[in-house]
Amino acid sequence: GTVAVANEYALRADGEDTRRVLLFNSTSGALEATLTYVPDWSMIVGESLGLVEFAAHPFDEHRLLALERGWSATRGNDIRLHEIELDGAHDVSKCASIATAGVCAECTLP
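Within each chain, residue numbers correspond to sequence positions counted from 1 in written order. Residue-level local features of this predicted model are given only where pLDDT is at least 70; pairs of side-chain atoms are given and counted only at 80 or more, and the full residue set underlies all totals for whole chains, interfaces and linings. Side-chain numbers here rest on the full set of heavy atoms in the structure, without hydrogens or water.

(A) Summary view of the environment of tryptophan 71. Turning to its location among the elements, tryptophan 71 is positioned in strand β5 (residues 63-72). For the pair formed by tryptophan 71 and leucine 49, sequence separation is 22 residues and the distance between their alpha carbons is 6.8 Å. Secondary structure elements follow DSSP: runs of H or I of four or more residues count as helices, runs of E of two or more count as strands, with numbering from the N terminus.

(B) Quick look at the pairing of β5. Following DSSP output, two strands are said to pair if at least two bridges run between them. Here 10 bridges tie β5 to strand β6 (residues 76-85), and the two strands are oriented antiparallel to one another. Across the sheet, residue leucine 64 finds its bridge partner in β6, namely isoleucine 84. Counting the residues that bridge the hairpin from β5 to β6 gives three residues.

(C) A look at the sheet that holds strand β1 (residues 2-6). Within the open sheet, the three strands sit side by side as β1-β2-β3. Their pairing is antiparallel. Each edge of the open sheet carries a strand with a single partner, namely β1 and β3 (31-37). Adjacent strand axes in the sheet meet at a mean angle of 25 degrees, parallel and antiparallel pairs treated alike. Pairing between β1 and strand β2 (residues 19-25): five bridges, direction antiparallel. The partner of alanine 6 across the bridge, within β2, is valine 21. Between the N-to-C directions of two axes lies an angle of 0 to 180 degrees, each axis being a line fitted to C-alpha atoms and, for a helix, fitted only over the stretch in contact.

(D) Focus on the nonpolar core. Definition used in this section: a nonpolar core is a set of buried Ala, Val, Leu, Ile, Met, Phe, Trp, Tyr and Cys residues joined via side-chain atoms within 4.5 Å. Burial status follows relative accessibility: with a 1.4 Å probe on protein chains alone, a residue under 20% of its type maximum counts as buried, one over 50% as exposed, and anything between as partly exposed. Counting 12 residues, the largest nonpolar core consists of Val21, Leu23, Ala33, Leu35, Tyr37, Leu51, Phe54, Leu64, Ala66, Ile84, Leu86 and Ala89. Counting residues per element, this core draws most heavily on β3, which supplies three residues. In what follows, a contact means two residues having at least one pair of non-hydrogen atoms within 4.5 Å. If we ignore the near neighbours within four places in the chain, the residues touching leucine 35 are Arg19, Arg20, Val21, Leu23, Leu86, Ala89, His90, Asp91 and Val92.

As structure tokens, then:
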């Protein structure tokens, strides 16, 4: 199996918009790939937005569920659940910065 982890916020080198998703082999602990994930910025404008949790998709081993949370002075708290498609995403584990890489795991609302 695979374990997916990510930081809630972007790394400084990657810019504000993109998060790295690291996929580890659950048996050996070896890093299998590093993918990119772009949160749904349509929910929050100019405020805080974080990627807070991943879960295995219950029906498809090539997808994850991602929980985002945000806060805006005008809207208050907001959460969104997204389905992330892993197939076709490019491994960026050797990239020092992914700010301009332009390759992402596809994010859709389930």
